[in-house]
Amino acid sequence: MKDLMRFSHPKLADFAWPHCEIRGARPGPRLCISAGVHVNEVSAIEAAVRLQKLFRPQALAGSVSIIPLLNQPARFHYSEYVCPLDGKNINFTFPGRPDGTFSDLLCQAVMNEWTAGADCYVDLHGGDLRENVCRYSIYQRTGDEAFDAHARALARCFDAQVILGLPPASMLHPGRPPTGFARDGRYAVMSEAGSHGLVEESCVEFHVNGVLNIARYLGMIDEPSEPFRNTRNACNDNIWVEAPADGEFFANIEPGDRVARNQLLGGVRDLFGEPVAELRSPADGIVLWRMTHPTLRKGMWALAIATEEPAV
Ligand SMILES: [Zn+2]
């Protein structure tokens, strides 16, 4: 079933969200999938569009609900990261607030209206206009062993280079969907793959196959899966590294590279080509993403490092 979804709050009433609902022939879990919180992350949006035709009701137990572009106000504006109505990054606003602005209210509507009762919510991301990200997935660690094991298993459905389990302290503040949902004892995961606002076939497949694996893991479909090719390194945090000076950032590393603490990751040059600052790794880890447009102000995010869980 295809329709335009509307949410109940009057401040959301000017927008409608293209929505696809697939009801399986048999009862089973409910899986909700979105993309387009960041509207330039088009490999993720394309994956959410493609998934609508890949779930066949006769072969499905339960139901699948897909909203391929959540940040409707940003559509046709190509806004990086934020909702243009309030300048907030929806991705870091979960669980939202009932007395807040559009982004807060949208997060509330996603959590409490659209995905209410869902067994898992998956939000697809990766590769805004000026960035390149490695293939990774994100879940929230809470300290509750059973919750964390299931959340991690959902995240491991993606054939990722890094499986990032956010530290429990993340739940003290508004955050990504996995964080907001975990605060309510609910499951949400995110996937990240893509670069530069391009539709890249291998990234689309990464998102699509990961979601299908989640449906398999939940017992909703039983078609065979693609083999995993990536190492799915278990990471327990991510450190965002600032540009150390105004200037032209250059990197010696790329997303997915393993780096050592204090390793030279790149630096900043001025417009005469002279070096003005170095950028060294704050920890041993794996490069999650980096900005690809060289021009950065001091204090802007330049890259992020995921730190690995100690081997057991
Ligand atoms: Zn994103």
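Residues numbered from 1 in each chain as written. Predicted model: local features only at pLDDT ≥ 70, side-chain atom pairs only at ≥ 80, totals over all residues. Heavy atoms only, no water.

As annotated in an unreviewed UniProt entry, the protein chain is Succinylglutamate desuccinylase/aspartoacylase family protein from Mesorhizobium album. Quoted verbatim from the Cofactor (unreviewed entry) field of the UniProt record, the comment on the protein chain reads "Zn(2+)". (UniProt positions renumbered as here; feature names shortened; annotations may be inferred.)

### Comments concerning the side chain of R232
Here R232 is to be found in the loop between α5 (201-217) and β9 (233-242). The side chain of R232 sits in the buried core without any salt bridge; D159 is the nearest counter-charge, 5.3 Å away. If we skip the residues at most four places from it in the chain, R232 touches R156, F158, A160, Q161 and I163. (Helix = DSSP H or I, 4+ residues; strand = E, 2+ residues; numbered from the N terminus. Buried < 20%, exposed > 50% of the residue type's maximum accessible area, 1.4 Å probe, protein only. Lys, Arg positive; Asp, Glu negative; His and termini not counted. Salt bridge = Lys/Arg side-chain N within 4 Å of Asp/Glu carboxyl O. Contact = heavy atoms within 4.5 Å.)

### Considerations on the domain arrangement of the protein chain
If you check the domain split of the protein chain, you get domain 1 (2-217) and domain 2 (238-308). Of note, the centres of domain 1 and domain 2, computed from C-alpha atoms alone, are 28 Å apart. Domain 1 puts 14 residues into the contact, and the matching count from domain 2 is 14 residues. Of the roughly 1100 Å² buried between domain 1 and domain 2 on both sides combined, carbon and sulfur atoms contribute 63%. Linking domain 1 to domain 2 there are zero salt bridges. For the interface between domain 1 and domain 2, the tally reads five residue pairs in polar contact (both at pLDDT 80 or more). Where the side of domain 1 that touches domain 2 is concerned, the elements lending two or more residues are β6 (131-140) and β7 (162-166). Top element by residues in the side of domain 1 that touches domain 2 is β6. It accounts for five residues. Of the residues assigned to the side of domain 1 that touches domain 2, the class counts are eight nonpolar, three polar and three charged. (Domains from an automatic or database assignment. Buried area = accessible area lost by both parts, 1.4 Å probe. Polar contact = N/O pair within 3.5 Å; in protein donor to acceptor, adjacent residues only side chain to side chain. Nonpolar A, V, L, I, M, F, W, Y, C, P; charged D, E, K, R; others polar.)

### A look at the packing of helix α1 (residues 42-51) against α5
Contact geometry for α1 and α5: axes closest at 8 Å, N-to-C directions at 50°. Regarding the angle of α1 to α5, the classification is oblique. For the element pair α1 and α5, the recorded crossing hand is right-handed. Taking contact as the criterion, the partners of S43, A44, E46, A47, R50 and L51 in α1 are, on α5, E201, C203, V204, H207, V208, V211 and L212. Tallied by class, residues from the contact of α1 with α5 come to eight nonpolar, two polar and three charged. (Axes fitted to C-alpha atoms, helices over the stretch in contact; angles between N-to-C directions. Parallel < 35°, antiparallel > 145°, perpendicular 65-115°, else oblique. Left-handed = near helix turned anticlockwise from the far one by under 90°.)

### Regarding the pairing of strand β10 (residues 247-251)
It is a general feature of regular strands that their side chains alternate between the two faces of the sheet. The pairing of β10 with strand β15 (residues 295-296) spans two bridges and is antiparallel. Looking across to β15, one finds that E248 is bridged to T295. In this sheet, strand β12 (residues 264-269) lies alongside β10 in antiparallel orientation, the contact comprising four bridges. By the bridge assignment for β12, E248 is matched with R269. (Pairing = 2+ DSSP bridges.)

### Looking at the pattern of salt bridges
Once their charged atoms are close, side chains differing in charge can pair, the charge on each being opposite to the other. The final tally for this structure, using the stated rule, is twelve salt bridges. Across the salt bridge formed by R50 and E201, the nearest N and O atoms sit 2.9 Å from each other. In this pair, R50 sits in helix α1 while E201 sits in helix α5, placing the two residues 151 residues apart along the sequence. Notably, a salt bridge pairs E278 with R280, separated by 3.1 Å at the nearest N-O pair.

### As for the coordination of the zinc ion
Around the zinc ion, the protein contributes the donor atoms H38 (ND1), E41 (OE), E41 (OE) and H125 (ND1), at 2.0 to 2.5 Å from the metal centre. Classification of the site at the zinc ion rests on its four donor atoms, whose angles at the metal span 55 to 149°, yielding the label irregular. Look at where the donors of the zinc ion fall in the sequence and you get H-x2-E-x83-H. What makes E41 buried here is its relative accessible area of 3%. (Donors = N, O, S within 2.8 Å, 3.2 Å for Na, K, Ca; no water. Tetrahedral: all angles 85-135°; square planar, octahedral: opposite > 155°, others 65-115°.)

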